Amino acid sequence: MRIAFDLDGTLVPMFAGQFPVERIAWPMRAFAADPLRIGTTPLFRLLKARKHEIWVYTSSLRKPFAIRRTFLAHGLRLDGVINADLHAQASGARVASKYPSAFGIDLLIDDAPGVEMEGRQHGFAVLRIDPDDAGWSRKVVDAIP
Ligand SMILES: [Mg+2]
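Residues numbered from 1 in each chain as written. Predicted model: local features only at pLDDT ≥ 70, side-chain atom pairs only at ≥ 80, totals over all residues. Heavy atoms only, no water.

Colleague: I keep staring at the overall build of the chain and nothing clicks. Help me out?
Modeller: Looking only at helices and strands, the chain features six helices and five strands. The order of α-helices and β-strands along the chain, N terminus first, is β-α-α-β-α-β-α-β-α-β-α. Over its C-alpha trace the chain gives a radius of gyration of 14 Å, about what one expects of a compact globule, namely 15 Å for 145 residues. Judged by the C-alpha coordinates and their principal axes, the chain covers about 45 × 30 × 30 Å. Taken over 145 residues, the chain has a buried fraction of 47%. (Helix = DSSP H or I, 4+ residues; strand = E, 2+ residues; numbered from the N terminus. Rg over C-alpha atoms; globule rule 2.2 N^0.38 Å. Buried < 20%, exposed > 50% of the residue type's maximum accessible area, 1.4 Å probe, protein only.)

Colleague: Explanation requested: the pairing of strand 2 (residues 53-57) in the structure shown.
Modeller: Within a regular beta strand, the side chains point alternately toward one face of the sheet and then the other, so they alternate between its two faces. Counting buried positions over the five residues of strand 2 gives four, a clear majority of the element. Sheet topology note: the strand 1 (residues 2-5)/strand 2 ladder contains four bridges and is parallel. Bridge pairing in strand 2 places I3 opposite I54. As defined by bridge partners, strand 2 adjoins strand 3 (residues 80-82) across three bridges and the pair is classed as parallel. Residue V56 lies in a different strand from strand 3, and its bridge partner there is V81. As a crossover connection, the stretch from strand 2 through helix 3 (residues 64-73) into strand 3 is right-handed. (Pairing = 2+ DSSP bridges. Right-handed = clockwise from strand over helix to strand, strands pointing away.)

Colleague: What is the right way to look at the coordination of the magnesium ion in this model?
Modeller: Six octahedral donors at a metal ideally form angles of 90 or 180 degrees, and four tetrahedral donors ideally form angles of 109.5 degrees. On the protein side, the magnesium ion has D6 (OD), D8 (O) and D111 (OD) as donor atoms, found 2.1 to 2.2 Å from it. All donor residues of the magnesium ion come from one chain, and their arrangement in sequence is D-x1-D-x102-D. A residue pair is termed long-range when its members are at least 10 positions apart, and D8 in the loop between strand 1 and helix 1 (26-29) and D111 in the loop between strand 4 (107-110) and helix 5 (113-122) qualify at 103 residues. (Donors = N, O, S within 2.8 Å, 3.2 Å for Na, K, Ca; no water.)

Colleague: Would you explain the packing of aromatic side chains in this entry?
Modeller: Aromatic ring pairs are defined here through the distance separating the ring centres and the angle between the ring planes. Following the criterion strictly, the structure yields four aromatic pairs and no others. Arranged with centres 5.8 Å apart and planes meeting at 5 degrees, the rings of F44 and F71 form a pair that is stacked. With F44 in helix 2 (residues 40-49) and F71 in helix 3, this pair connects stretches of sequence that are 27 residues apart. Of the two residues examined, F44 and F71, each falls in the buried class. Their ring planes at 90 degrees and their centres at 5.6 Å tell us that Y57 and F103 sit as a pair that is edge-to-face. A residue pair is termed long-range when its members are at least 10 positions apart, and Y57 in strand 2 and F103 in the loop between helix 4 (84-91) and strand 4 qualify at 46 residues. As far as the burial class goes, Y57 and F103 line up, both buried. Stacked on the ring of F19, the Lys or Arg R37 has its end atom at 4.3 Å from the ring centre. (Phe/Tyr/Trp six-rings, centres within 6.5 Å; stacked < 30°, edge-to-face > 60°. Lys NZ or Arg CZ within 6 Å of the ring centre and 35° of its normal.)

Colleague: Would you mind going over the side chain of K98 with me for this structure?
Modeller: For K98, the position within the fold is in the loop between helix 4 and strand 4. On the basis of relative accessible area, K98 is assigned to the buried category, the value being 2%. Here the side chain of K98 touches D110 through a polar contact of 2.7 Å, side chain to side chain. Apart from the residues lying within four places of it in its own chain, the contact partners of K98 are D6, Y57, T58, S59, H87, L108, D110, V115, E118 and F124. (Polar contact = N/O pair within 3.5 Å; in protein donor to acceptor, adjacent residues only side chain to side chain. Contact = heavy atoms within 4.5 Å.)

Here it is, written out as structure tokens:
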């Protein structure tokens, strides 16, 4: 499966202390523009071992190379990155704030209830993960066949 993760509020805290983050060694820290939610590294390793593709789908204007570098600093290679620019180019006149179907994405992991609602309206699969959910990565694993 091609699985895409939202950043803000899902893998990256929107404010300090929103959820615990992964600790990385100091030389790598300089390359990571954002901290990543605790559990991201083991989750991604497990999904990779099961041959899934891992993408990031963010409504932010972060540059794809900077997003890739943040994950690389954690030892994680992304298979694809969609930011607000790429979304606007590919989804054209569609009104949804995210449209994973345009990128062949099978499942979107996102914290926003609005995105979950859009999924129902436009027919794409969303697993909503609450920022307060300490068992979030287990929920992701359980949702993927
Ligand atoms: Mg979000």
